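What follows is the residue order along each chain.
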Protein chains: 6
Amino acid sequence: MLNREFGSFAEFDSGYDDAEIVVFGAPFDGTTSFRPGTRFGPEAIRKEFYGLETYSPYLDMDMTDYKFHDGGDVEIPIGNIEKSLENIHGAVSSIVGDDKIPFMVGGEHLVTYPSFKAVWEKYPDVYLIHFDAHADLRDDYLGVKLSHATVIRRCWDLVGDDRIFQFGIRSGDREEFNWAKEHTTMEKFSIDSLSEVVDNLKGKKVYVTIDLDILDPSVFPGTGTPEPGGISFGDMTGAIGKLKGLDIIGMDIVELSPHYDNTGISTAAACKIMRELALAAVSEKFDRKEIEVE
Amino acid sequence: MLNREFGSFAEFDSGYDDAEIVVFGAPFDGTTSFRPGTRFGPEAIRKEFYGLETYSPYLDMDMTDYKFHDGGDVEIPIGNIEKSLENIHGAVSSIVGDDKIPFMVGGEHLVTYPSFKAVWEKYPDVYLIHFDAHADLRDDYLGVKLSHATVIRRCWDLVGDDRIFQFGIRSGDREEFNWAKEHTTMEKFSIDSLSEVVDNLKGKKVYVTIDLDILDPSVFPGTGTPEPGGISFGDMTGAIGKLKGLDIIGMDIVELSPHYDNTGISTAAACKIMRELALAAVSEKFDRKEIEVE
Amino acid sequence: MLNREFGSFAEFDSGYDDAEIVVFGAPFDGTTSFRPGTRFGPEAIRKEFYGLETYSPYLDMDMTDYKFHDGGDVEIPIGNIEKSLENIHGAVSSIVGDDKIPFMVGGEHLVTYPSFKAVWEKYPDVYLIHFDAHADLRDDYLGVKLSHATVIRRCWDLVGDDRIFQFGIRSGDREEFNWAKEHTTMEKFSIDSLSEVVDNLKGKKVYVTIDLDILDPSVFPGTGTPEPGGISFGDMTGAIGKLKGLDIIGMDIVELSPHYDNTGISTAAACKIMRELALAAVSEKFDRKEIEVE
Amino acid sequence: MLNREFGSFAEFDSGYDDAEIVVFGAPFDGTTSFRPGTRFGPEAIRKEFYGLETYSPYLDMDMTDYKFHDGGDVEIPIGNIEKSLENIHGAVSSIVGDDKIPFMVGGEHLVTYPSFKAVWEKYPDVYLIHFDAHADLRDDYLGVKLSHATVIRRCWDLVGDDRIFQFGIRSGDREEFNWAKEHTTMEKFSIDSLSEVVDNLKGKKVYVTIDLDILDPSVFPGTGTPEPGGISFGDMTGAIGKLKGLDIIGMDIVELSPHYDNTGISTAAACKIMRELALAAVSEKFDRKEIEVE
Amino acid sequence: MLNREFGSFAEFDSGYDDAEIVVFGAPFDGTTSFRPGTRFGPEAIRKEFYGLETYSPYLDMDMTDYKFHDGGDVEIPIGNIEKSLENIHGAVSSIVGDDKIPFMVGGEHLVTYPSFKAVWEKYPDVYLIHFDAHADLRDDYLGVKLSHATVIRRCWDLVGDDRIFQFGIRSGDREEFNWAKEHTTMEKFSIDSLSEVVDNLKGKKVYVTIDLDILDPSVFPGTGTPEPGGISFGDMTGAIGKLKGLDIIGMDIVELSPHYDNTGISTAAACKIMRELALAAVSEKFDRKEIEVE
Amino acid sequence: MLNREFGSFAEFDSGYDDAEIVVFGAPFDGTTSFRPGTRFGPEAIRKEFYGLETYSPYLDMDMTDYKFHDGGDVEIPIGNIEKSLENIHGAVSSIVGDDKIPFMVGGEHLVTYPSFKAVWEKYPDVYLIHFDAHADLRDDYLGVKLSHATVIRRCWDLVGDDRIFQFGIRSGDREEFNWAKEHTTMEKFSIDSLSEVVDNLKGKKVYVTIDLDILDPSVFPGTGTPEPGGISFGDMTGAIGKLKGLDIIGMDIVELSPHYDNTGISTAAACKIMRELALAAVSEKFDRKEIEVE
């Protein structure tokens with residue numbers, strides 16, 4: 001199912017058996033409605049990661065102190081959307097089946113659905129923290145049920161009300177914003193209420209999905225549908241820092257479309273957010289392990 | 001005079017007779033002194049508008065609830081600046097003659113002069129709210145009287161002192177800044193005093209001109225003369241929200257030069273500002289109409 | 001089925017009923033395996049066509065002397081490949097049902113299959129002239145039967161041996177080249193044998209498909225999979241000139257991916273090839289009409 | 001009138017009084033109808049010239065053996081087309097008044113008119129050799145008489161029939177091609193008849209204007225209106241080599257728009273063509289001088 | 001040693017003897033480890049400076065009131081790093097030897113070492129204010145002692161502890177951050193403590209080095225190693241304003257790599273920061289001169 | 001010495017011990033005088049190779065029938081030119097020491113010197129076939145002896161007269177062209193005499209170096225110093241086909257600078273030339289082996 005192509009994410013160099021977190025790419029953009037190209041996201045991040053500092057001055061942690069494995073890319077048979085999503089689901093099922101934490105790199109946002117589903121099958125009480133510019137709550141998009149524009153609605157189909165927390169949303173149909181009032185917890189535009197949510201989710205299983213277009217297009221232009229008015233990079237790293245206390249059992253970052261940003265700053269931002277999120281997730285696991293050891 | 005070429009701005013799909021606001025393009029960049037290309041602004045905005053959400057989460061309003069008409073582009077005979085400006089003036093005169101509100105999409109900033117003049121001819125007591133990075137208050141530019149760099153000075157020639165309010169200005173000659181102290185109300189760098197100005201202009205006729213280069217180049221690089229240190233997109237939408245109470249009888253957005261921004265984020269920002277400004281203007285008219293009906 | 005969005009191809013301005021040729025866009029790139037983006041092809045060509053001379057100095061013909069209609073774009077529900085192809089098939093069936101000639105603008109090469117199929121259903125004795133860099137003769141591609149890489153093989157499934165003529169092929173699996181020896185007539189690299197083929201097809205119904213990547217990437221870089229070593233623009237217009245004597249009852253040009261060419265030369269080339277092919281096809285019909293009139 | 005701004009064209013470093021050829025820039029693009037930006041042509045060529053080899057292996061000549069002067073750029077008051085053309089005319093009048101040869105670097109093609117006019121005023125029997133993709137023979141363009149699209153027609157207004165030789169023309173209205181049959185000598189598409197023309201013009205005064213878009217867009221994409229199907233760089237240098245025998249008393253190269261070519265190959269081609277043309281022109285003068293000295 | 005090539009920085013037009021500040025370029029990028037191209041920095045800034053307003057609305061000062069000289073570029077023999085650094089050292093020694101203030105435009109950050117060394121040789125009590133995204137405190141980089149990644153460590157070799165003040169640092173090895181705790185004064189991420197530092201350095205000789213990548217990549221993408229999470233342009237100009245009270249005896253701005261930013265906003269930001277820093281430095285000197293005159 | 005980073009060139013997947021040809025990258029651009037960036041060449045080619053067809057329709061050979069090994073990239077300590085060249089020399093010495101054929105992917109052209117030297121040390125009677133736009137015969141460049149502009153002169157220092165054959169040369173100093181007349185065999189502009197040279201070198205050991213800028217910039221814009229007037233891709237593949245009969249014991253392709261070509265066509269051309277050259281070289285070895293087996 002996993003297919004190593006361009007080598008590994010640098011510093012994700014542990015063996016699979018040792019690793020706590022298994023990173024993999026899902027280069028799928030089959031339902032992207034505007035500018036395609038997130039299929040090139042994993043490749044771009046791998047290439048850029050090679051030059052990245054392993055030390056985070058934000059968290060004062062270093063990736064070399066932890067164990068990450070790069071499982072390569074899930075195979076995506078272009079033109080067969082159903083099979084592509086199955087392959088993602090299979091990969092994540094296998095990783096959580098081995099009691100490891102999956103960290104998926106998209107690809108468009110629809111890839112979150114099979115990943116989250118596989119995690120939910122193992123942990124049916126999972127909560128979803130969702131960072132995004134878009135609500136992604138349509139019931140269908142041009143008649144299509146499985147779409148980047150419906151993905152959080154499909155996740156809701158699994159877990160129901162009061163389990164999904166949305167941050168930074170600044171674009172959507174009127175109907176989506178109205179639907180959200182009944183079924184999810186949504187903060188429009190910003191992420192100020194995150195601390196409170198984190199406090200409430202302490203001890204719960206949490207899946208984190210970051211659609212990188214939550215960032216302002218000035219710092220992240222390389223995405224399919226840039227939406228001005230986003231949060232800053234500092235806001236995002238601050239938010240990730242707050243996640244440290246949570247029991248994250250799955251996560252993803254999606255929607256980097258590198259060909260639309262020749263300056264490379266979008267990929268640079270994606271890599272740092274990946275580093276911060278991986279460290280935030282593993283720090284919790286590490287603390288927990290220490291306690292278990294005692 | 002109006003010449004429909006590339007189809008309509010999506011959602012500006014009412015017939016002319018029904019419409020309250022008539023949108024049109026003025027693809028003129030004949031006096032641009034640095035990087036030309038604002039002639040491609042209307043075309044780029046029309047293309048991008050097609051995918052834009054009609055719902056504004058900022059204003060909680062939806063464009064589908066109002067009536068906009070796209071009148072196409074004014075004909076610009078390249079190499080004949082005088083005739084180009086005449087055509088713009090004629091188009092706006094015709095629109096305001098029909099008691100509709102013109103919304104012009106530039107083109108360079110000089111297009112504001114014939115548009116504002118046509119509005120002023122009907123409403124001689126009109127006030128001008130001017131968002132821009134540049135003062136545009138030179139009396140001439142390299143000996144030329146009608147120029148993007150003199151346009152607000154030419155508007156002042158029409159209305160005189162105490163009628164022009166300038167926001168966000170961060171570039172100009174020393175003489176322009178000194179001249180402004182006597183003749184206009186200028187806030188340098190920022191837009192904090194807008195609320196106060198809006199309070200004072202309640203009940204007055206107002207023309208709003210937004211030179212999009214007031215935005216920071218990080219969010220709006222696609223313009224002829226990018227000036228670092230601009231306001232954020234959130235500042236701009238916030239400012240537009242404050243305009244809701246005003247009696248806007250004409251408006252324009254200018255200086256998008258899309259070829260200088262391959263990422264497309266400048267056009268995305270322009271479209272959203274256009275949506276917000278159109279909604280802010282029509283919301284006022286709609287309230288007024290209700291009162292009139294009663 | 002047809003959905004007019006961004007206005008018409010300039011000079012394709014006859015009404016549907018009058019028109020001999022009906023042009024439409026098929027903005028589909030759902031099976032593109034390398035760089036996506038041909039979905040933007042019709043839009044780019046429409047925009048560029050506006051400035052194109054209607055007169056061809058190659059053919060000494062002028063588009064204003066003939067009747068073309070732009071039917072807009074076929075609706076493509078992103079994420080539903082089957083339905084997308086159905087919509088294309090329906091549009092072409094309708095056009096040929098009205099005894100008009102369809103001229104499709106892709107999109108990726110797979111769109112040729114539903115278009116050719118609809119033409120073949122009406123004219124089962126149709127021949128296929130295929131210009132391309134790639135053989136497109138795989139039986140499946142990563143397990144997928146309907147793909148840009150299998151499209152000519154799928155057309156062969158309809159018409160069988162001795163009906164397909166391929167020119168300019170310079171890339172493919174060894175198996176494809178071997179298979180072609182048995183089932184199609186293929187000229188590798190160049191198009192020198194076209195005159196002979198045209199002579200043999202005089203009086204036969206012919207469908208012409210031009211994958212624009214037959215052109216050298218130097219003149220046509222804006223495509224998903226550029227293959228160096230292609231034919232020149234002059235070779236291509238020369239080839240089209242030779243097609244004048246044929247009874248073309250359907251045609252398409254595909255694989256322009258404009259975002260990969262910021263210079264715009266690819267779109268310029270596509271427009272001129274479209275003009276030349278439309279004129280070549282209509283010139284034959286015009287001659288035929290004169291004869292019929294007598 | 002001349003205004004040195006960005007320093008000199010490298011190797012055009014003689015003083016004005018010594019120089020045989022005076023090079024200057026005319027950064028004017030005020031009537032460009034499609035993509036503007038030729039105003040950046042002189043600046044781009046100067047910058048690139050710095051790294052160019054002075055030796056031409058085509059002509060086996062070296063620029064260091066001759067005397068060229070860079071007079072800087074003509075002042076272009078943006079928004080005042082008439083004055084801009086006057087300034088060019090004045091600069092060329094002054095250069096030919098001093099019995100030197102002007103070599104103008106555009107800017108758009110309209111700059112040829114004031115330059116050619118100033119040369120014609122001194123040498124009323126001058127012939128014009130015109131390399132271009134476009135006929136430029138319209139009598140007016142959108143009602144405008146002085147335009148890049150009318151420039152050769154305006155030159156004809158000065159010299160009349162049988163004095164203009166056009167090469168490489170591949171785009172224009174049907175009317176232009178028909179008009180040319182009566183009034184100029186035009187070779188469509190190619191330059192094969194140049195040798196014959198050169199033979200006939202031996203001993204005559206000749207002005208050479210090269211619209212660089214005669215080159216194929218593959219080698220020269222950085223221009224306002226790229227037209228596929230142009231001549232190769234080798235064809236162009238070959239043509240320039242043939243000009244060596246002529247008495248060139250004025251020349252220009254126009255229509256480089258460098259911002260539309262991020263690769264820089266257009267500017268590289270322009271520089272080499274400038275070097276070749278300057279050497280071809282001076283080689284003739286040098287021979288003549290030798291004879292005069294004796 | 002100095003070699004005038006592309007003409008002068010506009011408004012740096014005083015003669016050398018008159019000038020208080022001597023600006024020069026150091027187009028060196030010989031140790032850049034990721035994306036090279038800062039060699040094009042001086043050229044890009046010179047070209048852009050031509051259109052820049054001389055008046056600073058931030059400082060309410062105008063460059064035309066002061067005397068700056070542009071000394072051209074230091075010669076950089078590509079492939080000879082040692083000699084390149086020697087040439088820079090020689091240029092700065094000569095400038096400070098004439099009691100003028102050097103203002104160097106890089107190039108990569110390593111150029112600061114020979115410049116700072118020459119200043120330190122004359123003023124051994126000099127302090128260093130360092131704005132940067134990177135700590136640049138490695139002792140060696142891949143075994144190389146003189147590198148953009150070691151440059152501040154090399155400066156420390158000269159002046160020792162308590163003389164270096166670092167601001168905005170957000171990337172580096174864990175070891176660098178730890179080393180800084182002992183040997184420099186470092187503010188991570190931001191520049192809030194600058195006022196305090198300035199107060200303490202009143203009356204001391206200060207060298208200011210600005211690695212422009214301290215700016216957020218959104219406003220300054222054109223650099224070798226963009227690091228998201230930087231300070232804003234307004235923060236930077238605010239910081240420069242605070243430097244006005246200091247006795248600046250040398251300064252530089254480095255790491256503009258213009259080819260990586262086709263929008264040009266990075267160069268625009270660099271020019272304005274250069275203007276602000278030059279004005280801040282000269283304002284202090286001017287005050288001092290007044291006192292001396294008395 | 002060899003350091004595998006980004007994974008392997010696809011289809012260069014044999015183990016080292018089995019392989020006949022060992023491919024490796026030399027990402028060095030330390031003496032590039034104009035536009036740097038060839039350091040990104042190996043990475044770009046590896047990424048692109050993944051999608052390349054293994055079958056060559058030119059040679060009717062398939063890479064899957066032969067054994068290639070990818071040894072990764074030579075370590076390049078940025079800022080230490082001497083050590084970088086030593087590392088390349090060491091890698092090639094090791095490969096030829098194992099009786100394998102090195103195939104180096106640059107990097108700038110200077111990398112050919114240490115590679116050729118290592119081959120020459122084993123095979124002192126080696127001949128050099130050199131494809132290039134530039135003569136590269138300077139004795140020094142700005143005082144530097146080891147430079148991309150001197151590399152063939154340095155190779156001549158090793159082997160002397162009558163051993164170097166240069167093709168396609170179209171740029172250089174007058175002195176270089178004159179020097180070549182005495183010491184090398186040079187064909188200017190084209191490659192017509194290659195067949196004759198190949199005939200004469202039958203049975204001799206040959207090293208082939210291809211500076212990809214021999215190609216016309218239209219098909220290969222992504223290089224440091226594009227020179228218009230180059231050979232076509234078809235010419236180049238034709239030339240490689242002629243090399244089949246030779247005993248190639250070392251080879252390289254250099255000077256791809258991928259960041260200067262956003263369309264990707266340069267990398268596509270480089271990959272195909274690499275495939276053709278590898279197949280041409282191995283075909284000879286395979287024939288030889290067959291004979292040996294008997």
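Along each chain, residue indices are assigned from 1 in the same order as the chain's sequence is written. For this description, chains carry letters from A and ligands carry numbers from 1, given in the order in which they are written. Totals for whole chains, interfaces and linings use every residue, but because this is a predicted model, local features are given only for residues with pLDDT of at least 70 and side-chain atom pairs only at 80 or more, for both listing and counting. Excluding hydrogens and water, the side-chain figures rest on all heavy atoms present in the structure.

Some words on the packing of aromatic side chains
Right, so step 1: The criterion for an aromatic pair is that two Phe, Tyr or Trp rings (for Trp, the six-membered ring) have centres within 6.5 Å, with stacked assigned to planes under 30 degrees apart, edge-to-face to planes over 60 apart and tilted to the rest. Within the structure shown, the criterion is met by 48 aromatic pairs over all chains.
Right, so step 2: Seen from their ring centres, B:Phe40 and D:Phe34 are 6.3 Å apart, and the 85° between their planes marks the pair as edge-to-face. Of this pair, B:Phe40 sits in the loop between strand E2 (21-26) and helix H1 (41-49) while D:Phe34 sits in the loop between strand E2 (21-26) and helix H1 (41-49), placing the two residues on different chains.
Right, so step 3: With centroids separated by 6.4 Å and ring planes inclined at 70°, the aromatic side chains of B:Tyr58 and B:Phe233 adopt a geometry described as edge-to-face. You can see B:Tyr58 sitting in the loop between strand E3 (55-56) and strand E4 (61-62) and its partner B:Phe233 sitting in helix H7 (residues 233-242), a full 175 residues away along the chain.
Right, so step 4: The cut-offs for exposure are 20% and 50% of the maximum accessible area for each residue type, with area from a 1.4 Å probe on protein chains only; residues under the lower value are buried, those over the upper are exposed, and the others partly exposed. Taking the relative accessible area as the measure of exposure, B:Tyr58 reaches 25% and is therefore partly exposed.
Right, so step 5: Look at B:Phe233 and you get buried, because its relative accessible area is 2%.
Right, so step 6: Cation over ring: B:Arg35 sits above B:Tyr260, and NZ or CZ is 4.0 Å from the ring centre. Secondary structure is summarised from DSSP: a helix means a run of H or I of at least four residues, a strand means a run of E of at least two, and numbering begins at the N terminus for each. Two thresholds decide whether a charge sits over a ring: the Lys NZ or Arg CZ must be within 6 Å of the ring centre and within 35 degrees of the ring normal.

Concerning the interface of chain B and chain A
Right, so step 1: Contact with chain B, which involves 18 residues of that partner, is made by 20 residues of chain A.
Right, so step 2: The term buried area means the drop in 1.4 Å probe accessible area that two parts suffer when joined, counted for both and summed. Around 1,600 Å² of area is buried between chain B and chain A when both sides are counted, 56% of it from carbon and sulfur atoms.
Right, so step 3: For this document, the term salt bridge refers to a Lys or Arg side-chain nitrogen within 4 Å of an Asp or Glu carboxyl oxygen. On the surface where chain B and chain A come into contact, there are 4 salt bridges.
Right, so step 4: In this structure, the salt-bridge partner of A:Arg138 is B:Glu53, at a minimum N-O distance of 3.3 Å.
Right, so step 5: Identification of polar contacts relies on pairs of N or O atoms within 3.5 Å, with a donor-acceptor requirement for protein atoms, meaning one able to donate a hydrogen and the other able to accept it, and with residues adjacent in sequence counted only if both atoms are side-chain atoms. Taken together, the connections running from chain B to chain A amount to 5 residue pairs in polar contact (both at pLDDT 80 or more). What makes two residues a contact is simply this: any of their non-hydrogen atoms within 4.5 Å.

Some points on the packing of helix H3 (residues 112-122) of chain C against helix H4 (residues 151-159) of chain C
Residues and elements named next belong to chain C.
Right, so step 1: Under this scheme, a helix contributes an axis fitted over its contacting stretch, all axes are lines through C-alpha atoms, and angles between N-to-C directions fall in the 0 to 180 degree range. Closest axis-to-axis distance for the H3/H4 pair is 9 Å, and the angle between their directions is 15°. Between H3 and H4, the angle falls in the class roughly parallel. In this structure, H3 meets H4 at a crossing whose hand is right-handed. Only Val-151, Arg-154, Cys-155, Leu-158 and Val-159 of H4 make contact with H3, whose side of the interface consists of Thr-112, Tyr-113, Phe-116, Lys-117 and Trp-120.
Right, so step 2: Class assignment of the residues belonging to the contact of H3 with H4 gives a composition of 7 nonpolar, 1 polar and 2 charged. Between 65 and 115 degrees an angle is taken as roughly perpendicular, under 35 as roughly parallel, over 145 as roughly antiparallel, and anywhere else as oblique. By convention, the crossing between two helices is left-handed when the near helix turns anticlockwise from the far helix through less than a right angle, and right-handed when the turn is clockwise. Here the nonpolar group is Ala, Val, Leu, Ile, Met, Phe, Trp, Tyr, Cys and Pro; Asp, Glu, Lys and Arg are the charged ones; every other residue, Gly included, is treated as polar.

Things to note about H1(B)
Right, so step 1: For H1(B), a buried count of 7 out of 9 residues is recorded, marking the element as mostly surrounded by other parts of the structure.
Right, so step 2: Taken as a whole, H1(B) has its buried residues at B:Gly41, B:Pro42, B:Glu43, B:Ala44, B:Ile45, B:Arg46 and B:Phe49.

Describing the pattern of salt bridges
Right, so step 1: Tallied over the full model, the rule gives 109 salt bridges over all chains.
Right, so step 2: Note that C:Arg174 is salt-bridged to F:Asp65, the shortest N-O span being 3.0 Å. One end of the pair, C:Arg174, is in helix H5 (residues 174-183); the other, F:Asp65, is in the loop between strand E4 (61-62) and strand E5 (68-74), on a second chain.
Right, so step 3: Judged by relative accessible area, which is 23%, C:Arg174 ranks as partly exposed.
Right, so step 4: With a relative accessible area of 45%, F:Asp65 lands in the partly exposed category.
Right, so step 5: It is possible to trace a salt-bridge network through shared partners that takes in A:Asp139, A:Lys145, A:Arg153, A:Arg154 and A:Asp157.

Re the environment of A:Tyr113
Residue and element names in this part refer to chain A.
Right, so step 1: The residue Tyr-113 is located in helix H3 (residues 112-122) in this model.
Right, so step 2: Owing to a relative accessible area of 16%, Tyr-113 belongs among the buried residues under this scheme.
Right, so step 3: Considering only alpha carbons, one finds Tyr-113 and Glu-276, 163 residues apart in sequence, at a separation of 23 Å.
Right, so step 4: Discounting residues that sit within four places of it in the chain, Tyr-113 has contacts with Leu-146, Val-151, Arg-154, Cys-155 and Leu-158.

Examining the relation of the copies chain A and chain C
Right, so step 1: Least-squares superposition of the copies uses the C-alpha atoms of those residues scoring a pLDDT of at least 70 in each of them. When chain A is fitted onto chain C, the two copies agree to an RMSD of 0.0 Å after a turn of 180° and an axial shift of 0.0 Å. The operation mapping one copy onto its partner corresponds to a two-fold rotation axis.
Right, so step 2: The fraction of interface residues of chain A whose copies in chain C are also interface residues reaches 100%, indicating that both copies meet through the same surface.

Thoughts on the UniProt feature "binding site: Mn(2+)" (unreviewed entry) in chain A
Residues and elements named next belong to chain A.
Right, so step 1: UniProt positions are given in the numbering used here, feature names are shortened, and annotations may be inferred rather than shown by experiment. Cross-referencing UniProt, the feature "binding site: Mn(2+)" (unreviewed entry) maps to His-109, Asp-132, His-134, Asp-136, Asp-211 and Asp-213 in the present numbering. Spatially, the listed residues are clustered: although they cover 105 residues, their C-alpha atoms lie within 12.3 Å of one another.
Right, so step 2: Assignment of secondary structure puts Asp-132 in the loop between strand E7 (127-131) and helix H4 (151-159).
Right, so step 3: When sequence neighbours within four positions are dropped, the list of residues in contact with Asp-132 reads His-109, Phe-167, Gly-168, Ile-169, Asp-211, Asp-213 and Ile-214.
Right, so step 4: A polar contact is formed between the side chain of Asp-132 and the side chain of His-109, at a distance of 3.2 Å.

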